[in-house]
Amino acid sequence: QVQLVESGGGLVQAGGSLRLSCAASGRTFSRYAMGWFRQTPGKEREFVAAISRSGGTTDYADSVKGRFTISRDNAKNAVYLQMTSLKFEDTAVYYCAADPRRLFSGGDPYDYDYWGQGTQVTVSD
């Protein structure tokens, strides 16, 4: 089992940047495929980005391609989401998630077993 804690959210102006971090407990972090999702009130949880266990494979939602970058540091038990050129529509609660079964998981939230509590990102116009 792994526990996930997100940080780095906040209020930023449109066009600005933020870097989210997700710290994982335990000594087997490298065995988890990781993902970032986001959710706004009244909407389904939306896929943002995913990264394989080794970090060698990544995937992004079309809405964030070219603006967001997912990365991980297995030595530090952490996964990151660098967000640039932020838009108002990026406003959401952002969650990191872990999948212990696959080398790489995609955009289906049901593939992920473990979730953090979320961090709020608010982009002002």
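Structure's up top.
Source: prediction; values computed, not measured.

### Some remarks on unusual backbone geometry
Despite not being glycine, Asn 77 shows a phi value in the positive range, around 55 degrees. Position of Asn 77 among the secondary structure elements: in the loop between strand S7 (68-73) and strand S8 (78-83). The exposure class assigned to Asn 77 is buried, which follows from its relative accessible area of 16%. Of note, the phi angle at Ser 85 is positive, near 45 degrees, even though the residue is not glycine. Residue position: Ser 85 is located in the loop between S8 and strand S9 (92-99). Residue Ser 85 is classed as partly exposed on the basis of its relative accessible area, which comes to 40%.

### Quick word on the nonpolar core
By size, the foremost hydrophobic cluster in this structure holds 34 residues, and its most contacted members are Met 34, Trp 36, Val 79, Leu 81, Met 83 and Tyr 94. Secondary structure elements with two or more residues in this core: strand S3 (18-24), strand S4 (33-39), strand S5 (46-51), S7, S8, S9 and strand S11 (119-124). When neighbours within four sequence positions are excluded, Met 83 is seen to be in contact with Gly 16, Ser 17, Leu 18, Leu 20, Arg 67, Phe 68, Tyr 94 and Val 121.

### So, the state of the cysteines
Taken as a whole and assessed by the stated rule, the structure comprises one disulfide. Note that Cys 22 is cross-linked by a disulfide to Cys 96, the S-S spacing being 2.0 Å. Taking the sign of the S-S torsion, 50 degrees for the link of Cys 22 and Cys 96, the bridge is right-handed. Here Cys 96 lies in strand S9 and Cys 22 lies in strand S3, a separation of 74 residues in the sequence. By relative accessible area, Cys 22 is classed as buried at 1%. What makes Cys 96 buried here is its relative accessible area of 0%.

### Quick notes on the sheet that holds S7
Taken together, the four strands give an open sheet; going across it, the order is S1-S3-S8-S7, and neighbouring strands pair in antiparallel fashion. A single partner strand is all that each edge strand has here, and the edge strands are strand S1 (4-7) and S7. Taken over all neighbouring pairs, the strand axes of this sheet differ in orientation by 15 degrees on average, direction set aside. One ladder, built from six bridges, connects S3 with S8; its direction is antiparallel. Within S8, the position partnered with Leu 18 by the bridge is Met 83.

Cut-off values and rules
Residues numbered from 1 in each chain as written. Predicted model: local features only at pLDDT ≥ 70, side-chain atom pairs only at ≥ 80, totals over all residues. Heavy atoms only, no water. Helix = DSSP H or I, 4+ residues; strand = E, 2+ residues; numbered from the N terminus. Buried < 20%, exposed > 50% of the residue type's maximum accessible area, 1.4 Å probe, protein only. Core = buried A, V, L, I, M, F, W, Y, C linked by side-chain atoms within 4.5 Å. Contact = heavy atoms within 4.5 Å. Disulfide = S-S within 2.5 Å. Pairing = 2+ DSSP bridges. Axes fitted to C-alpha atoms, helices over the stretch in contact; angles between N-to-C directions.

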